[in-house]
Amino acid sequence: MAIIVNLDVMLARRKMSLTELSEKVGITMANLSILKKGKAKAIRFSTLDSICKTLDCQPADILEYKP
């Protein structure tokens, strides 16, 4: 897939664990893990919005397109 998910990079920059993000955003660990591994087929804008608010970042900091 040409979309790369850099969630682990942003978590490291913010010194936040996946568990902490899960609790703050209200998304299950399983769903965040699927997203982090790049296995997700889609992401809701509301979910992306919550993640960006929590990590204080832009969507482009998390999602990257590589042809």
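The coordinates are above.
What counts, and where the lines are drawn
Residues numbered from 1 in each chain as written. Predicted model: local features only at pLDDT ≥ 70, side-chain atom pairs only at ≥ 80, totals over all residues. Heavy atoms only, no water. Helix = DSSP H or I, 4+ residues; strand = E, 2+ residues; numbered from the N terminus. Rg over C-alpha atoms; globule rule 2.2 N^0.38 Å. Buried < 20%, exposed > 50% of the residue type's maximum accessible area, 1.4 Å probe, protein only. Contact = heavy atoms within 4.5 Å. Areas by Shrake-Rupley, 256 points an atom, 1.4 Å probe, with all protein chains shown as cover. Lys, Arg positive; Asp, Glu negative; His and termini not counted. Charge placed at Lys NZ, Arg CZ, Asp CG, Glu CD. Core = buried A, V, L, I, M, F, W, Y, C linked by side-chain atoms within 4.5 Å. Salt bridge = Lys/Arg side-chain N within 4 Å of Asp/Glu carboxyl O.

1. Some thoughts on the overall build of the protein chain
For the protein chain, the helix and strand inventory stands at five helices and two strands. Secondary structure elements of the protein chain occur, N-terminal to C-terminal, as β-α-α-α-α-α-β. In summary, the protein chain has a C-alpha radius of gyration of 11 Å against a globular reference of 11 Å for 67 residues, a match within 12%. Over its C-alpha atoms, taken along the principal directions, the protein chain stretches across nearly 35 × 20 × 20 Å. Sorting the 67 residues of the protein chain into buried and exposed places 28% on the buried side. Partitioning the contacts of the protein chain with sequence separation of at least 6, the portion at a separation of at least 24 is 60%. Summing over all exposed atoms, the protein chain offers an accessible surface of approximately 4,600 Å²; the carbon and sulfur share of this is 53%. Taking the average place of the 11 positive charges on the side chains of the protein chain and the average place of its 7 negative ones, the gap between the two points comes to 6 Å.

2. A short note on the nonpolar core
Judged by nonpolar contacts, the single largest core of 17 residues is most densely connected at L7, L11, L21, L32, I51, L55 and I62. Elements that contribute at least two residues to this core include exactly α1 (7–13), α2 (18–25), α3 (29–36) and α4 (45–55). Counting residues per element, this core draws most heavily on α4, which supplies four residues. L32 has contacts with L7, L18, L21, S22, I27 and I51, leaving out every residue within four places of it along the chain.

3. Focus: the side chain of S22
Relative to the helices and strands, S22 resides in helix α2. Accessibility expressed as a relative area gives 11% for S22, which makes it buried. In this structure S22 touches I27, T28, M29 and L32, once residues within four positions along its chain are discounted.

4. Some thoughts on the pattern of salt bridges
Under the definition given, this model contains three salt bridges. In this structure, the salt-bridge partner of K53 is D49, at a minimum N-O distance of 3.2 Å. Of this pair, K53 and D49 both sit in helix α4, four residues apart, which is roughly one turn of that helix. Judged by its relative accessible area of 63%, K53 is exposed. According to the relative accessible area criterion, D49 is partly exposed, its value standing at 38%.

What is shown is where atoms sit, not what they do.
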